[in-house]
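Chain by chain, the residues:
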Amino acid sequence: MLSYAFYNLNEDNYNRIQTEEFENTADLFSEILAIGVAKQIKQGLVKDYIDVKETTSSIRGKIEITESINSQSFLKRQLTCTYDEFSVNCYLNQILKSTMNLLLKSDISRRNKKRLKKLLMYFGEVGLIDLKSINWKIRFDRNNQNYRMLIGVCYLTVKGLLQTTRKGDMKLMTFLDDQRMNRLYEKFILNYYKKEHPKINASASQIKWQLDDEEDFMLPRMQSDIMLEYLDKVLIIDAKYYKHTLQSYYDVNTLHSANLYQVFTYVKNKQAENLDKEVSGMLLYARTDEEVLPDNTYKMSGNTISVKTLDLNQDFELIKGQLDEIAMGLYHE
């Protein structure tokens, strides 16, 4: 699932990850980082300007007069200065180094521990940071775009491993809440169709409100999770990862009303925009342990709305089979 959610993992360097078995998620993360960081080292670790404060005999940058007086550094003919330095000791590299150090304390294979230790030799000038205080809202640009996937894996690793055992080792926590897991689930499905079904145009496109006039003030944005288009057919998939697939009211199980209203609205507006196409919608829930699971198809005002469940707790070939079956519905006349 991660190998599709992080689309970079489908590059040649990562292909063999899909065929390997791992004892736990931490070992998988360490494998991904070992490959990704090694590749980044070959390309060159990113550098950025960082603030450096130094007591020196040669003036550089801004003189910190108060600190120089308090430390009495002038008695040694020195001053405290602050200046910018273009260095590998930047925030992104600090996150990578700190995460790799965290993984070394976790239950990963000897092979991956050896690889991470070897890679850390290239981070000698990079400092460690407090993993609990990382600001994960990082802006990526052309210079550091290659770090996007690596930092994503660091995020999952840190959120999952920040729990220490009595022996000082790290163990994996149940860390992904519904919101984070739902986003991962969406990306997995979208990128699966992009890679495995290139004939289908798979995107997460916005849907325009079909208005009678130009007044759209305060209307919410209609952002689809997955939109599959092939010839004259369009399928809008709303991917949902919930602890409870159904809502219960007086012991009566029904679909989440907001989910159904949302996908219906998406379909009707997309249909009004493309009158010459056949537009349908699907709520695709990740399967839970609940006894009652939705598997229904409805005809609503001329459009098909279906509700299905995807069982993630099975061999991946079976997961692919379920996703491929959905795609087949677009290919058929």
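Predicted model, so just to flag it, every value in this text is computed and none were measured.

Definitions and limits used
- Residues numbered from 1 in each chain as written.
- Predicted model: local features only at pLDDT ≥ 70, side-chain atom pairs only at ≥ 80, totals over all residues.
- Heavy atoms only, no water.
- Buried < 20%, exposed > 50% of the residue type's maximum accessible area, 1.4 Å probe, protein only.
- Helix = DSSP H or I, 4+ residues; strand = E, 2+ residues; numbered from the N terminus.
- Pairing = 2+ DSSP bridges.
- Patch = residues over 30% accessible without salt bridge, like charges linked within 9 Å, V, L, I, M, F, W, Y side chains within 5 Å.
- Areas by Shrake-Rupley, 256 points an atom, 1.4 Å probe, with all protein chains shown as cover.
- Salt bridge = Lys/Arg side-chain N within 4 Å of Asp/Glu carboxyl O.
- Contact = heavy atoms within 4.5 Å.
- Axes fitted to C-alpha atoms, helices over the stretch in contact; angles between N-to-C directions.
- Parallel < 35°, antiparallel > 145°, perpendicular 65-115°, else oblique.
- Left-handed = near helix turned anticlockwise from the far one by under 90°.
- Nonpolar A, V, L, I, M, F, W, Y, C, P; charged D, E, K, R; others polar.
- Phe/Tyr/Trp six-rings, centres within 6.5 Å; stacked < 30°, edge-to-face > 60°.

Draft legend 1. Fine view of the pairing of strand β11 (residues 278–286). Within β11, eight of the nine residues are buried, leaving the element largely enclosed by the surrounding structure. Pairing of strand β8 (residues 233–240) with β11, which is carried by eight bridges, proceeds in the parallel orientation. The residue of β11 that forms the bridge with Ala-239 is Leu-284.

Draft legend 2. Main features of the sheet that holds strand β2 (residues 62–63). Sheet architecture is open: three strands sit in the order β1-β3-β2, paired in antiparallel fashion. The open sheet terminates on both sides in strands that have one partner only, identified here as β1 (48–56) and β2.

Draft legend 3. Quick look at a nonpolar patch on the surface. A grouping of Ile-59, Ile-63, Ile-65, Ile-69, Phe-74 and Leu-75 is seen on the molecular surface, where their side chains present a nonpolar patch of about 610 Å² in accessible area. Turning to its location among the elements, Ile-65 is positioned in helix α3 (residues 65–71).

Draft legend 4. Inspection of the environment of Asp-48 at higher detail. Along the chain, Asp-48 turns up in strand β1. For the pair formed by Asp-48 and Cys-90, sequence separation is 42 residues and the distance between their alpha carbons is 5.8 Å. Those residues in contact with Asp-48, other than ones at most four positions away along the chain, are Glu-85, Phe-86, Ser-87 and Cys-90.

Draft legend 5. Main features of the packing of helix α4 (residues 91–104) against helix α5 (residues 110–120). At a closest axis distance of 10 Å, the pairing of α4 and α5 adopts a crossing angle of 150°. Judged by the inter-axis angle, α4 sits roughly antiparallel to α5. Crossing of α4 against α5: the hand is left-handed. Of the residues in α5, those touching α4 at Lys-97, Met-100, Asn-101, Leu-103 and Leu-104 are Lys-113, Leu-116, Lys-117, Leu-119 and Leu-120. Looking at the contact of α4 with α5 residue by residue, the class counts come to six nonpolar, one polar and three charged.

Draft legend 6. Local environment of the packing of helix α2 (residues 25–43) against α5. One can describe the packing of α2 onto α5 by two numbers: an axis separation of 10 Å at closest approach and a directional angle of 30°. The angle between α2 and α5 falls in the class roughly parallel. Crossing of α2 against α5: the hand is left-handed. Between α2, through Asp-27, Ser-30, Glu-31, Leu-33, Ala-34, Ile-35, Val-37, Ala-38 and Ile-41, and α5, the contact on the second element is made entirely by Arg-111, Asn-112, Arg-115, Leu-116 and Leu-119. Looking at side-chain class alone, the contact of α2 with α5 contains eight nonpolar, two polar and four charged residues.

Draft legend 7. Broad picture of the packing of aromatic side chains. In total, this model carries six aromatic pairs according to the counting rule given. With 5.7 Å between their ring centres and 80° between their planes, Tyr-192 and Tyr-193 make a pair best called edge-to-face. Tyr-193 sits in the buried class, given a relative accessible area of 0%. When the ring of Tyr-230 is compared with that of Tyr-331, the centres are 5.0 Å apart and the planes differ by 90°; the resulting orientation is edge-to-face. Of this pair, Tyr-230 sits in strand β7 (residues 226–230) while Tyr-331 sits in helix α9 (residues 316–331), placing them 101 residues apart in sequence. Residue classification places Tyr-331 among the partly exposed residues on the basis of a relative accessible area of 24%.

Draft legend 8. Local environment of the side chain of Ser-98. As for its position among the elements, Ser-98 is in helix α4. In this structure Ser-98 comes out as buried when scored by relative accessible area, which is 5%. Apart from the residues lying within four places of it in its own chain, the contact partners of Ser-98 are Leu-128, Ile-129 and Leu-131.

Draft legend 9. Spotlight on unusual backbone geometry. Phi at Met-218 is positive, roughly 70°, even though this residue is not glycine. In this structure, Met-218 sits in the loop between β5 (206–207) and β6 (222–223). With relative accessibility at 69%, the residue Met-218 sits in the exposed group. Residues other than glycine seldom take positive phi values, yet Ser-301 does so here, at roughly 50°. Among the structural elements, Ser-301 can be located in the loop between β12 (296–300) and β13 (303–310).

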